[in-house]
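Observations on the three-dimensional arrangement
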Amino acid sequence: MGRRKLLGSKEAATLLGIAVDEDNLIRHFTLESADRLECELRRRPQNKLGFAVQLCTMRQTGRLLSENEQPPAAAIKYLAEQLGIDARL
């Protein structure tokens, strides 16, 4: 018996991908005060932003970004604004 694909590529992208619409950014990428404290423990701005991206991606998708996976620019910009960091690091 051959293997079946449970999800097509579009379905997988919808389920496992990082949403960039405004509602999902607000729902999954808004940092709470405890999240900001955790981010502040990182010394350099790029580490603070990277930690925030991984934290929020984990919350939304249940997984971390893979090594070569680039997070959406909208998510980076939204988090950088909350942290007071330049998004073009």
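Residues numbered from 1 in each chain as written. Predicted model: local features only at pLDDT ≥ 70, side-chain atom pairs only at ≥ 80, totals over all residues. Heavy atoms only, no water.

**Remarks on the packing of aromatic side chains**
Scanning the entire structure with this criterion turns up 0 aromatic pairs. Just above the ring of Phe51 sits the side chain of Arg42; from NZ or CZ to the centre is 3.9 Å. (Phe/Tyr/Trp six-rings, centres within 6.5 Å; stacked < 30°, edge-to-face > 60°. Lys NZ or Arg CZ within 6 Å of the ring centre and 35° of its normal.)

**Focus: the packing of helix α3 (residues 33-40) against helix α4 (residues 45-61)**
Interaxial distance between α3 and α4 falls to 8 Å at its minimum, and their mutual angle equals 140°. By the angle class used here, α3 and α4 are oblique. Crossing angle aside, the handedness with which α3 passes α4 is right-handed. The segment α3 lies against α4, with Asp35, Glu38, Cys39 and Glu40 engaging Lys48, Phe51, Ala52, Leu55 and Arg59. Class assignment for the residues of the contact of α3 with α4 results in 4 nonpolar, no polar and 5 charged. (Axes fitted to C-alpha atoms, helices over the stretch in contact; angles between N-to-C directions. Helix = DSSP H or I, 4+ residues; strand = E, 2+ residues; numbered from the N terminus. Parallel < 35°, antiparallel > 145°, perpendicular 65-115°, else oblique. Left-handed = near helix turned anticlockwise from the far one by under 90°. Contact = heavy atoms within 4.5 Å. Nonpolar A, V, L, I, M, F, W, Y, C, P; charged D, E, K, R; others polar.)

**Focus on the packing of α4 against helix α5 (residues 73-83)**
Here α4 crosses α5 at 125°, and the two axes come no closer than 10 Å. Of the possible angle classes, the one that applies to α4 and α5 is oblique. Seen from above, α4 lies across α5 with right-handed handedness. Residues Lys48, Leu49, Ala52, Val53 and Cys56 of α4 lie in contact with α5, whose contacting residues are Ile76, Leu79, Ala80 and Leu83.

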